[in-house]
Amino acid sequence: MMMATPEDPGSGKEAGEDPANSFLVRLVTHPVTTWVIRTFSARIDPWLYRRTNGRFHSMGTGSESMVTISMTGRKSGKPRAVHLACVHHEGDILIVASAMGQEKHPGWRYNLEANPECEVQTLGESYRAQARVLTGPEKAEVWDKMRLEIPMIFVYEKRTDRKIRVFRLSRA
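Along the backbone of the protein there are five helices and nine strands. Along the protein, helices and strands appear, N-terminal first, in the series α-α-β-β-β-β-β-β-α-β-β-α-α-β. Residue burial in the protein is summarised as follows: out of 172 residues, 42% are buried. In the protein, the share of contacts with a sequence separation of at least 24, taken over all contacts with a separation of at least 6, comes to 61%. Working note: accessible area of the protein is about 9,800 Å², and carbon and sulfur atoms make up 55% of it.

Now the structure itself:
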């Protein structure tokens, strides 16, 4: 999926404009929208996305930039699922443990670190994968691409001082 860069003609953005100021990013990161996503979408989306083979989620139709990850809970041993934005990179999927910029890491991060085997549901495909946290240099290599494709990251970075982790999901 190609995304327009701020310098591209027709991208609707002026060169040097802060991506965090775009209408879509402001809407998605607004406190009310964040509450709706955390309260309702986070519970509905994994089920809906799997049931429709990635065609739908609570905010609309599926896309290659969304993924549902199913994993095993590290304490409970029960199945857990989370619906996230993602970036396709070198045949793998990258996901960000941003927790929408909260001070605490998302719970799913601990589950994937404890049990890296997971099930990935993308648009039209489901498969087994192995999760791995990127090292500092690996994260630095892909971070700009991730910020470009998931511009909400700009806002999440401003909300927290913690180190936001990036996971690589590779087919098992």
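Once you've had a look at it, read on.
Let us look at the nonpolar core. If you look at the biggest cluster of nonpolar residues, it comprises 18 residues, and the most contacted ones within it are Ile69, Ile95, Trp108, Leu112, Val120 and Leu169. Those elements that provide at least two residues to this core are strand 3 (66-72), strand 4 (79-85), strand 6 (92-97), helix 3 (107-114), strand 7 (117-122), strand 8 (125-133) and strand 9 (165-171). Other than its neighbours up to four places away in sequence, tryptophan 108 contacts Met71, Val82, Leu84, Ile95, Val96, Ala97 and Phe167. Grouped together as the second largest cluster of nonpolar side chains are 13 residues, Val96, Met152, Ile153 and Val166 included.

Our next topic: the confidence of the model for the protein. Looking at the protein, pLDDT values average 79 and 64% of them are 70 or higher. Every residue in residues 1-15 scores below 50 in pLDDT, and together they form 18 contacts with partners more than four places removed in sequence or on other chains.

Right, let's get into the pairing of strand 4. Note: strand 3 against strand 4, seven bridges, orientation antiparallel. Its bridge partner being in strand 4, serine 70 is matched across the sheet by alanine 81.

With respect to topology, seven strands assemble into an open sheet ordered 4-3-7-8-9-6-5, the strand pairing being antiparallel. Among the strands making up the open sheet, the edge pair consists of strand 4 and strand 5 (87-89). Taking each pair of neighbouring strands and ignoring which way they run, the sheet shows an average axis angle of 35°. With three bridges connecting them, strand 5 and strand 6 associate as antiparallel partners. Looking at the pairing, histidine 89 lines up with aspartate 92 of strand 6. Sheet strands touched by helix 4 (residues 136-149): strand 5, strand 6, strand 8 and strand 9. Its angle to strand 5, the strand with the most contacts, is close to 135°.

Overall, the coordinates contain eight salt bridges when judged by the stated rule. For glutamate 157, the salt bridge identified is with arginine 147, shortest N-O distance 3.1 Å. Residue glutamate 157 is found in helix 5 (residues 152-159), and its partner arginine 147 is found in helix 4; the two are separated by ten residues along the sequence. The exposure class assigned to arginine 147 is partly exposed, which follows from its relative accessible area of 21%. In the salt-bridge network here, residues are joined through shared partners; they are Arg109, Glu113 and Arg165.

Let's shift gears to the side chain of glutamine 121. As for its placement among the helices and strands, glutamine 121 is situated in strand 7. For glutamine 121, the side chain forms a polar contact with the main-chain oxygen of glutamate 125, separated by 3.1 Å.

All right, on to helix 4 then. Compared with the 20 Å implied by 1.5 Å per residue over 14 residues, the 20 Å span of helix 4 between its first and last C-alpha is a close match. At valine 142, helix 4 shows its maximal bend, which comes to roughly 45°. For helix 4, the set of buried residues is Lys139, Val142, Trp143 and Met146. Taken together, the buried residues of helix 4 touch strand 5, strand 6, helix 5 and strand 9.

Cut-offs used in this document
Residues numbered from 1 in each chain as written. Predicted model: local features only at pLDDT ≥ 70, side-chain atom pairs only at ≥ 80, totals over all residues. Heavy atoms only, no water. Helix = DSSP H or I, 4+ residues; strand = E, 2+ residues; numbered from the N terminus. Buried < 20%, exposed > 50% of the residue type's maximum accessible area, 1.4 Å probe, protein only. Contact = heavy atoms within 4.5 Å. Areas by Shrake-Rupley, 256 points an atom, 1.4 Å probe, with all protein chains shown as cover. Core = buried A, V, L, I, M, F, W, Y, C linked by side-chain atoms within 4.5 Å. pLDDT = per-residue confidence, 0-100. Pairing = 2+ DSSP bridges. Axes fitted to C-alpha atoms, helices over the stretch in contact; angles between N-to-C directions. Salt bridge = Lys/Arg side-chain N within 4 Å of Asp/Glu carboxyl O. Polar contact = N/O pair within 3.5 Å; in protein donor to acceptor, adjacent residues only side chain to side chain. Expected span 1.5 Å × (residues − 1). Bend = angle between axes of the 7 residues up to and from the residue.

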